[in-house]
Amino acid sequence: EILRCLVGSEMCIRDRLMNYLDANGGTPDDYRIIVGYGYDEEEGKRLWMQTRAALRAKYPAAQCEVGLLQIGSTIAVHTGPYALGMGIMRRWKKQ
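Everything numeric here is computed off the predicted structure, so don't read it as measured data. (Residues numbered from 1 in each chain as written. Predicted model: local features only at pLDDT ≥ 70, side-chain atom pairs only at ≥ 80, totals over all residues. Heavy atoms only, no water.)

Enquirer: For this particular structure, what's the right way to read helix α1 (residues 9–24)?
Expert: Two residues of an α-helix separated by three or four positions point the same way, owing to the 3.6 residues in each turn. Under the 1.5 Å per step criterion, the end-to-end length of α1 is 22 Å for 16 residues, consistent within 8% with the ideal 22 Å. Of the positions making up α1, those classed as buried are S9, E10, I13, R14, L17, M18 and L21. Looking at the buried side of α1, the elements it contacts are β1 (31–37), α2 (41–58) and β3 (84–90). In the segment just after α1, G25 is the residue with positive phi, at about 75 degrees. (Helix = DSSP H or I, 4+ residues; strand = E, 2+ residues; numbered from the N terminus. Expected span 1.5 Å × (residues − 1). Buried < 20%, exposed > 50% of the residue type's maximum accessible area, 1.4 Å probe, protein only. Contact = heavy atoms within 4.5 Å.)

And the structure:
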């Protein structure tokens, strides 16, 4: 889903992450979580800090590592320069 307005979209992104973790089980340490931003690095840092704080509040025993990266030009061509988002991927565990 694309959110066209920044107001409230940061909260929506965090809520979707929390809902995903609830639905799929585990803790943030079971996943690789990255916040991505387009042109505005400060906006990306703000979402990154808020995401880390929210995860640490909900999962105090977890390390809650969250990365911060600028998105590449291929994605930016399709989203515009002010894109803001999050990626999540389950870490591989040897059985």
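Next comes the rest of the account.
Enquirer: Mind showing me how you'd approach the packing of α1 against α2 here?
Expert: Packed helix pairs are characterised by how far apart their axes lie and by the angle those axes make with each other. The contact between α1 and α2 brings their axes to 10 Å, and the two run at 35 degrees. In the crossing of α1 with α2, the sense of the turn from one axis to the other is right-handed. In contact with E10, I13, R14, L17, M18, L21 and D22 of α1, α2 contributes E43, R46, L47, Q50, T51, A54, L55 and K58. Counted by class, the contact of α1 with α2 contains seven nonpolar, two polar and six charged residues. (Axes fitted to C-alpha atoms, helices over the stretch in contact; angles between N-to-C directions. Left-handed = near helix turned anticlockwise from the far one by under 90°. Nonpolar A, V, L, I, M, F, W, Y, C, P; charged D, E, K, R; others polar.)

Enquirer: So what exactly am I meant to see when it comes to the packing of aromatic side chains here?
Expert: Under the definition given, this model contains one aromatic pair. With centroids separated by 5.9 Å and ring planes inclined at 75 degrees, the aromatic side chains of Y20 and Y31 adopt a geometry described as edge-to-face. Separated by eleven residues along the polypeptide, Y20 in helix α1 and Y31 in strand β1 bring together distant segments of the chain. Among the residues examined, Y20 registers a relative accessible area of 35% and is labelled partly exposed. The ring of W48 carries the charged tip of R52 above its face, separated from the ring centre by 4.3 Å. (Phe/Tyr/Trp six-rings, centres within 6.5 Å; stacked < 30°, edge-to-face > 60°. Lys NZ or Arg CZ within 6 Å of the ring centre and 35° of its normal.)

Enquirer: What's the story with the confidence of the model for the chain in this structure? I'm lost.
Expert: Any residue range with low pLDDT should be treated as having predicted coordinates unsuitable for detailed reading. For the chain, the average pLDDT comes to 85, and 88% of its residues sit at 70 or higher. Looking over the chain, one finds the lowest element-wise mean pLDDT in helix α3 (residues 73–79), namely 74, and the highest in strand β2 (residues 66–70), namely 95. (pLDDT = per-residue confidence, 0-100.)

Enquirer: Which parts of the structure should I look at to understand the pattern of salt bridges?
Expert: Opposite charge on two side chains makes pairing possible when the charged atoms of those side chains draw close. Applying the stated criterion across every chain, the model contains two salt bridges. Residue D22 is joined to K58 by a salt bridge in which the shortest nitrogen-to-oxygen separation is 2.9 Å. Residue D22 is located in helix α1, and its partner K58 is located in helix α2; the two are separated by 36 residues in the primary sequence. What makes K58 partly exposed here is its relative accessible area of 39%. Of the charged contacts, one joins K45 and E41 as a salt bridge, the two residues approaching to 3.6 Å between their closest N and O atoms. Of the two residues, K45 and E41 are both situated in helix α2; the distance of four residues between them amounts to about one turn of the helix. (Salt bridge = Lys/Arg side-chain N within 4 Å of Asp/Glu carboxyl O.)

Enquirer: What should I look at first to understand the nonpolar core in this one?
Expert: Nonpolar side chains in soluble globular proteins generally cluster together in the buried interior. L21, I33, L55 and Y59 are the most contacted members of the largest nonpolar core, which has 15 residues in total. At the level of elements, α1, β1 and α2 are the ones that each hand at least two residues to this core. Ignoring sequence-local partners within four residues, the contact set of L21 consists of P28, Y31, L55, Y59 and I88. (Core = buried A, V, L, I, M, F, W, Y, C linked by side-chain atoms within 4.5 Å.)

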